[in-house]
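Close look at the chain arrangement
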Amino acid sequence: MKRHYVTLITLLFMLGVAGCASDDKETVKVAFIGPLTGGVSANGLGGRNSAELAIRLQNADSSSKYKYELVALDDECKPNIGVQVATKVAADKHIVAGVTHYCSAVAMGTVDVYHKFGLPVVVWGAVLPDITYGNDYAEVHRVNGTMINQNEVAADFMLQQGYKTWAVVHDTTDYGKGHNRYFSKFVIDKGGRIVGTFGVSADQQDFNAELTKVKELDPDVIYFGGLAPTGVRLRSQMEKLGINAVFQGTSGIVSDAFIDGLGPLAEGVLAFREGAPVEKLPGGESFLSQYQQQDFGEPPEAYGAFAFAAANLIIDAIEKVGPDRKLVMQELNATRDHDSVVGPVTFDEHGQNTVALITRYVIQDGKWVVWEESEYASGKRKLPGS
Amino acid sequence: MPITNRSYWPVVASAVFAAVFVLLFLYLEEQWEIAVLAVGLVAALYSAVRFGFLGRIEAAASDHPRTTIVVNFVAALAVIVLLRGEHFALLMLATVFLYVTVCLGLTIQFGYTGIVNFAGIAFFGIGAYTTAVLTAHTGVPHLLVIIIAGLVAGLIGSVLILPLLRTRGHYAALVTIAFGILFRTFLEVSDVLGGPQGLKVPGMQILGWSLNDNISLGPLGSVSFYASYAVVALLLAAGAYILVKRLERSWIGLNLDAIRTDETAAASFGIDVPRWKIFAFTVGNCLAGFAGAVYAMMSGFIAPASFNFGDSLLLVSIVLLGGSGNPLGVLPAALLVVVLPEKLQIIQEYRFLLFAVLVILILRFRPEGLLPRKMREYFAAWSRS
């Protein structure tokens, strides 16, 4: 038994000693929450690295008033785990603000927690409109656009290209369902026709049933509302059934993982995303080159720049008003035309960034290329079925 | 009560030890502190097994069943009181108690009767969704809501009774797997129940007192609102524990054990097999429903993604890890399965890898679980005579 007491006493001593670290600058903690494990972890890891990059760059700057520390947590893309880690972060008084959530369902569950504990957060990836528009919480902000803007541009663009009929395949998460709702609305309003809508579960492996039906309907375009893993399976099974339609995706497939999963089959896939492509932005080149220098194991992925921008917004606010949640929140709410790597950021009264800028992408030779610069736009190559 | 002259001090000592451990486990955050704690625990457990303390504690616990429950209950309350201001630690503790409640239900089903239920989280979810609907659309008092939620879970579970009685072993397991997946898919396409986006659930109110408010103690600081939920969850878990323990020691428990060991033999001794299977399955599901109701009000938001097949597997693994059929084993196992992944956040994307390795290691060295079930004692001092 003696051994127990010894261990216990040592432990209690350690408890007392912990937390007595000293530094010349005050340390300020900022949280990052995203999916670090599971199907969409590529985006979560890219986002975490990007937020970490923002912190490291700030710490390397000698004029920085504080020393920053990123507390990165995994929400597994599951609402129940999300609420847990959100509580952990929000209840920790040393954490001043958070860069939070890629998955919409998780963000929907956690906004109440942030509001309850008064923690200012900037959403870096979740696109469901209700996250900012479904409440009046001053704590919640978002740097990326919503799926409303994205789908309006997508519908306009596709109709201009002369496509008339769509088959919609969407996953039955809020992400996929929301995309289906807004895209269908815009396409029908503007004169297009939806010939069939298919809800599939996000982890469905076999799409033969849906795709056989789609083949019968013979649409010009297959619109896919969902994330990259499902998209990869759907696109490759389309090929097996010999469906010759354009594959049009959403922001959820704009990731290198999508191209890696498909190889040459990815050619000619279209997708739409909020914000300008990173390398086209004032600070974009330097973001990418600095990201390379830091030797992270994973690429920043499509939303890395948003996480970087969100972290920088928070850092700038803390530098200006000090590490106080209330003041930081007010400072964030007052953000107008703030320069960032994803373009100027302006929050409306719901904390939503009002960037209307949507970029159109097409995959050409194994890369996401901006439509205007692609050989498809110049007429050199043609999309399937046109 | 059997007349014994052995003291109950081993029980008290182990409860105090466990309480201190849980307290430190929940409170400490630094990785090296957790590592030291884990090493300390392994050393302590090893010496407890090696020098026979564990056996003495178990013997004392079976001699003094009531004292054991009271002592452990008080120890758990003490942990809550000491953690009163720590929102996150209390949330984790309350979650552990709720998982314990569900797993005690699974113990009745699986540990005693031998019905494998791979849809545990679905019944938990039914309780949660019932609560969300009842609190949003009716004025039913919340304590009553919890009871109704449990009964609804039991009622919906009765859909499965016929296929479960017609099948055995792996086939019965398959029936429950199918139900678990069906449940989630149904929620996702059902827009009335919020669809994939989920539902908000208001906080619990008991007699006009809202559990979602922090309790202010004036100069002593304030108590986290999660403390109230932790107490409610603790009461639920304790109630479930007493129920399971009483069941085990009663003639009902004898019947259930007989059915698990050999259905044919049990039937030939005149035991009504379907009756007891239905009983065990329904009681277990009700417990899951009660826990789900409290969980919904505590977390304030429920969505289908929280009720995955993977979570059902987690529940089954808690029962197996604890030692199938031993309600006491559920406690450390639930603590491990719920809190450890959270404590491993520091290693981020590798945490589930390490977590899985740990679980495999535990089962390698204790294949019957952390606290395997002991032989049934038919008379006092049976095993020692």
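Remember, it's a predicted structure, so these values are computed and weren't measured experimentally.

A separate point is the interface of chain A and chain B. The interface is formed by 32 residues belonging to chain A together with 32 residues belonging to chain B. Broken down by secondary-structure element, the contributors of at least two residues to the side of chain A that touches chain B are helix H1 (2-17), helix H2 (41-60), strand E2 (67-74), helix H3 (79-91), helix H4 (104-117) and helix H7 (174-189) of chain A. Counting residues per element, the side of chain A that touches chain B draws most heavily on H3(A), at 7 residues.

Residue and element names in this part refer to chain A. Burial within strand E3 (residues 95-100) is extensive, with 6 of its 6 residues counted as buried. Bridge count between strand E1 (residues 27-34) and E3: 5 bridges; the pairing is parallel. Counted as the bridge partner of Val30 is Ala97 from E3. Handedness of the β-α-β unit built from E3, H4 and strand E4 (residues 121-123) comes out right-handed.

Attention now moves to the environment of B:Tyr171. With respect to the secondary-structure elements, B:Tyr171 resides in helix H9 (residues 169-189). Put simply, B:Tyr171 and B:Val116 are 55 residues apart on the chain and 9.7 Å apart in space, counted from C-alpha to C-alpha.

Further remarks concern unusual backbone geometry. Residues and elements named next belong to chain A. In this model, Cys77 sits at a positive phi of 60 degrees, which is unusual for a non-glycine residue. Mapped onto the elements of the fold, Cys77 is located in the loop between E2 and H3. By the C-beta count within 10 Å, which is 27 here, Cys77 ends up buried. One non-glycine residue, Asp218, lies in positive phi territory at about 50 degrees.

Residue and element names in this part refer to chain A. Once the domains are mapped, chain A shows domain 1 (24-145 + 278-355) and domain 2 (148-274 + 359-373). Its C-alpha centre places domain 1 at a distance of 28 Å from the equivalent point of domain 2. Among the secondary structure elements, those contributing two or more residues to the side of domain 1 that touches domain 2 are H2 and H4.

How each quantity is defined
- Residues numbered from 1 in each chain as written.
- Chains lettered and ligands numbered in written order.
- Predicted model: local features only at pLDDT ≥ 70, side-chain atom pairs only at ≥ 80, totals over all residues.
- Contact = placed C-beta atoms within 7 Å.
- Helix = DSSP H or I, 4+ residues; strand = E, 2+ residues; numbered from the N terminus.
- Buried ≥ 20, exposed ≤ 12 C-beta atoms within 10 Å, placed from the backbone.
- Pairing = 2+ DSSP bridges.
- Right-handed = clockwise from strand over helix to strand, strands pointing away.
- Domains from an automatic or database assignment.

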